[in-house]
Amino acid sequence: MPSFSSTTRALPALFRIGFAGAVAYRAEFLVWVLSTTMPLVMLALWSAVAREAPVGRFGQREFVAYFLATFIVRQLTSSWVSWQMNYEIRHGTLAVRLLRPVSPMIAYAAENLAAQPLRLVVAIPVAIVGLLTVGVTALPADPVIWLVWGMAMAGGWLITYLASFAIGSLAFFFESSIKAMDVWLTLYFIFSGYMIPVELFPPGVKAMASWLPFRYQVGFPVELMTGAHGRQEAFALLAAQWIWVALMGAAALLLWRRGLRSFGAYGG
Amino acid sequence: MKTLVRYARLFRVQIRTSALTLLQYRFDFFTEGCLEILWAATALVPLLVVFRYRSEVAGWSFGEALLVVGWFTLLQGILEGAINPSLTSVVEHIRKGTLDFVLLKPADAQFLVSTARFQPWRATNVVTALVIFAYAFHLLGRPPSAAGILGALLLLASSTLLLYSLWILTVSAAFYVVRIDNLTFLFASIFDAARWPSSVFRGFLSVVFTFVIPLALMTTYPALALLGKLGASSAVVAVAGSVVFAVLARAVWRGAIGRYTSASS
């Protein structure tokens, strides 16, 4: 087990490597970013719905705020670790990673996080456009909500990363974990609030979405940004989110440790 | 005529090889089929939620909007079953420099790469689409007219041609910007906009979606044709447009392949 101090010493280098990687493949990176335009499509649909009269508390202006926020949150909480792991486990190149004195779980996280500055380059203009369209008044004024939002963003990223890591670890047991990731993504699209604000679901589905992890990946931070929750509600949801972070962390660790035992690094 | 026969025979050989490859992965048939149904659900869920609040969106009733989703499902099946697999392998060929082996063969390179790989299990999409159509017309309370079906089939052919041409254009870009293996993701996500009737996209988005990528033509026109609401002139423009696009794509492909420098040389 790599020690804590050696890991912290390696972190700056890992960040530099991750950032250099993201910059080197910037064309590919841009394609990735462009392929997350679904919130804009959903924005078009929902604002067509709200053209004559508002839906719930959503008028056209609220939908613009909601889906631009969704775009930003998805950008900043995404992780491609499951595809990366699937590739490295199948090709045996994971062996190289295992030789390094840093836990791959930390190394992957650092690499994924290191691309965040590049994502900000995309997210900030969208945020500016959003603010110009809907005005600053659409944002919550309470600083406590913004504090909760900061933690919710961290929690959202952690759930996404840990879940991807757990699913990526499935590649140890099966030929490929891509299919499992596809299923996860499908459920994520439906229940996270990415396509439909969770509060617009029928009551039964809404309750289910609050029990599933997906809402805490995207929907919850977005709801905070668009002022859907008071303090009380925000705290309760934050607690639920971090329970999911803990559960996903446990699942990721368990699958990783189990899987590693059967890893043979063929040809690596 | 002789070349036509030759290419028809070549086509049969290509199909047989990809079928043989697929028989090795029979289990995938089931998992892919199940996934397909899940994906179709992602297209239906927003529709169901939206129509909880309105009986009509952008001039489309639930039944009518379902028809658009049906065409979307069908075209997605064609895209992922017949177009995507072949053309993704082109990107791989370009990266590895193995396109040489394709270019050396005494047949048209575009034909060879376009027919290299098929995924017959995407036929599940066709079945899903037919179920959606049936349900939509059940809701509308009337069957489509014979002329409507004929028009819709014609438009299906032109939409397929258009999708294929768009893909050829995208793949041609791979000759210039080498490392773009996630092109499929980009393409699929842009195609996602075709889930909804084109009248949903007004204002800024309308300009992007109707002119840059002729989405309206691909799913909304066939749906309108089935409903008997599409004028003959729009249909002619749609078909002519897709032919122009195909010619353009062919020209771009030839230009791009001229720039190909094998990786090993």
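The structure this text deals with has already been given above.
Residues numbered from 1 in each chain as written. Chains lettered and ligands numbered in written order. Predicted model: local features only at pLDDT ≥ 70, side-chain atom pairs only at ≥ 80, totals over all residues. Heavy atoms only, no water.

So what's going on with the overall build of chain B? Which residues, and what values?
When you go through chain B residue by residue, the secondary structure sums to eleven helices and two strands. Put simply, chain B runs from its N terminus to its C terminus through helices and strands in the order α-α-β-β-α-α-α-α-α-α-α-α-α. Per-residue burial over chain B gives 48% buried out of 265 residues. Summing over all exposed atoms, chain B offers an accessible surface of approximately 12800 Å²; the carbon and sulfur share of this is 70%. (Helix = DSSP H or I, 4+ residues; strand = E, 2+ residues; numbered from the N terminus. Buried < 20%, exposed > 50% of the residue type's maximum accessible area, 1.4 Å probe, protein only. Areas by Shrake-Rupley, 256 points an atom, 1.4 Å probe, with all protein chains shown as cover.)

Explain the overall build of chain A residue by residue, including any values.
When you go through chain A residue by residue, the secondary structure sums to 13 helices and zero strands. Taking the principal axes of the C-alpha coordinates as reference, chain A spans close to 65 × 40 × 30 Å. Here chain A holds 268 residues, and 52% of them are scored as buried. The contacts in chain A between residues at least 6 apart in sequence include a share of 80% that link residues at least 24 apart. About 12000 Å² of surface is accessible on chain A, with carbon and sulfur atoms providing 72% of the total. Side-chain charges of chain A comprise 18 positive and 11 negative groups, with the mean position of each set lying 9 Å from the other. (Contact = heavy atoms within 4.5 Å. Lys, Arg positive; Asp, Glu negative; His and termini not counted. Charge placed at Lys NZ, Arg CZ, Asp CG, Glu CD.)

Hey, could you go over the environment of K229 of chain B for me, with residue numbers and the actual values?
All names here are of chain B. In this structure, K229 sits in the loop between α10 (215-227) and α11 (232-258). By relative accessible area, which is 48% here, K229 ends up partly exposed. Taking C-alpha positions, K229 is 26 Å from I190, a pair spaced 39 residues apart along the chain. Apart from residues no more than four positions distant in its own chain, K229 is found in contact with E64 and L224. At a separation of 2.9 Å, a polar atom in the side chain of K229 contacts the side chain of E64. (Polar contact = N/O pair within 3.5 Å; in protein donor to acceptor, adjacent residues only side chain to side chain.)

For helix α7 (residues 104-114) of chain A, give the residues involved together with the corresponding values.
Residues and elements named next belong to chain A. Taking burial as the measure, the eleven residues of α7 include nine buried ones, the bulk of the element. Restricting attention to buried positions, one finds in α7 the residues P104, M105, A107, Y108, A109, A110, E111, N112 and A114. Each element contacted by the buried residues of α7 is listed here: α1 (4-24), α5 (81-91), α6 (94-99), α8 (116-134), α9 (143-169) and α13 (231-261).

With reference to specific residues and values, describe the interface of chain B and chain A.
Between chain B and chain A, the residue contacts involve 34 residues of the former and 38 residues of the latter. Buried area between chain B and chain A, summed over both chains or domains, comes out near 3200 Å², and the portion from carbon and sulfur atoms is 72%. Seen at the junction of chain B and chain A, the total is zero salt bridges. At the junction of chain B and chain A, the tally comes to four residue pairs in polar contact (both at pLDDT 80 or more). Within the residue set of the side of chain B that touches chain A, elements represented by two or more residues are α2 (26-53), α8 (183-191) and α9 (204-212) of chain B. (Buried area = accessible area lost by both parts, 1.4 Å probe. Salt bridge = Lys/Arg side-chain N within 4 Å of Asp/Glu carboxyl O.)

So what's going on with the pattern of salt bridges? Which residues, and what values?
All chains considered together, the criterion is met by seven salt bridges over all chains. Among the ionic pairs, R57 of chain A bridges to E199 of chain A, the shortest N-O distance being 3.1 Å. Here R57 of chain A, found in the loop between α3 (38-49) and α4 (60-76), pairs with E199 of chain A, found in the loop between α10 (178-191) and α11 (203-211); they are 142 residues apart in sequence, far enough to count as distant. Classification of R57 of chain A by relative accessible area gives partly exposed; the value is 35%. Residue E199 of chain A is classed as partly exposed on the basis of its relative accessible area of 31%. The shortest N-O distance in the salt bridge between R250 of chain B and D108 of chain B comes to 3.0 Å. Of this pair, R250 of chain B sits in helix α11 while D108 of chain B sits in the loop between α4 (99-104) and α5 (109-114), and the two are 142 residues apart along the sequence.

Account for α13 of chain A, with residues named and values stated.
Residues and elements named next belong to chain A. Along its 31 residues, α13 runs 45 Å from first to last C-alpha, staying within 8% of the 45 Å computed at 1.5 Å per residue. Residues of α13 that are buried include every one of A234, L237, L238, Q241, V245, M248, G249, A252, W256 and G259, and no others. Elements in contact with the buried residues of α13: α5, α6, α7, α9, α10 and α12 (219-225). (Expected span 1.5 Å × (residues − 1).)

How would you explain the side chain of S78 of chain A if you had to name every residue and give the values?
Residues and elements named next belong to chain A. Residue placement: S78 occurs in the loop between α4 and α5. Polar contacts involving the side chain of S78 include one to the main-chain carbonyl oxygen of Q75, which spans 3.5 Å. Apart from residues no more than four positions distant in its own chain, S78 is found in contact with R119, W157 and T160.

Which residues make up the nonpolar core, and what are the values?
If you look at the biggest cluster of nonpolar residues, it comprises 146 residues, and the most contacted ones within it are W46, F63, Y161 and F165 of chain A together with V200 of chain B. Those residues in contact with V200 of chain B that sit more than four places away from it in its chain are A44, L45, A48 and R51 of chain A together with V57 and A58 of chain B. (Core = buried A, V, L, I, M, F, W, Y, C linked by side-chain atoms within 4.5 Å.)

Residues and numbers for the packing of α5 of chain A against α9 of chain A, please.
Residues and elements named next belong to chain A. Following both chains from N to C, one finds α5 and α9 inclined at 25 degrees, their axes separated by 8 Å at the closest point. Judged by the angle between their axes, α5 and α9 are roughly parallel. Relative to α9, the crossing made by α5 is right-handed. Across the interface between the two elements, V81, S82, M85 and I89 of α5 pack against Y161, S164, F165, G168 and S169 of α9. For the contact of α5 with α9, the class distribution of residues is five nonpolar, four polar and no charged. (Axes fitted to C-alpha atoms, helices over the stretch in contact; angles between N-to-C directions. Parallel < 35°, antiparallel > 145°, perpendicular 65-115°, else oblique. Left-handed = near helix turned anticlockwise from the far one by under 90°. Nonpolar A, V, L, I, M, F, W, Y, C, P; charged D, E, K, R; others polar.)

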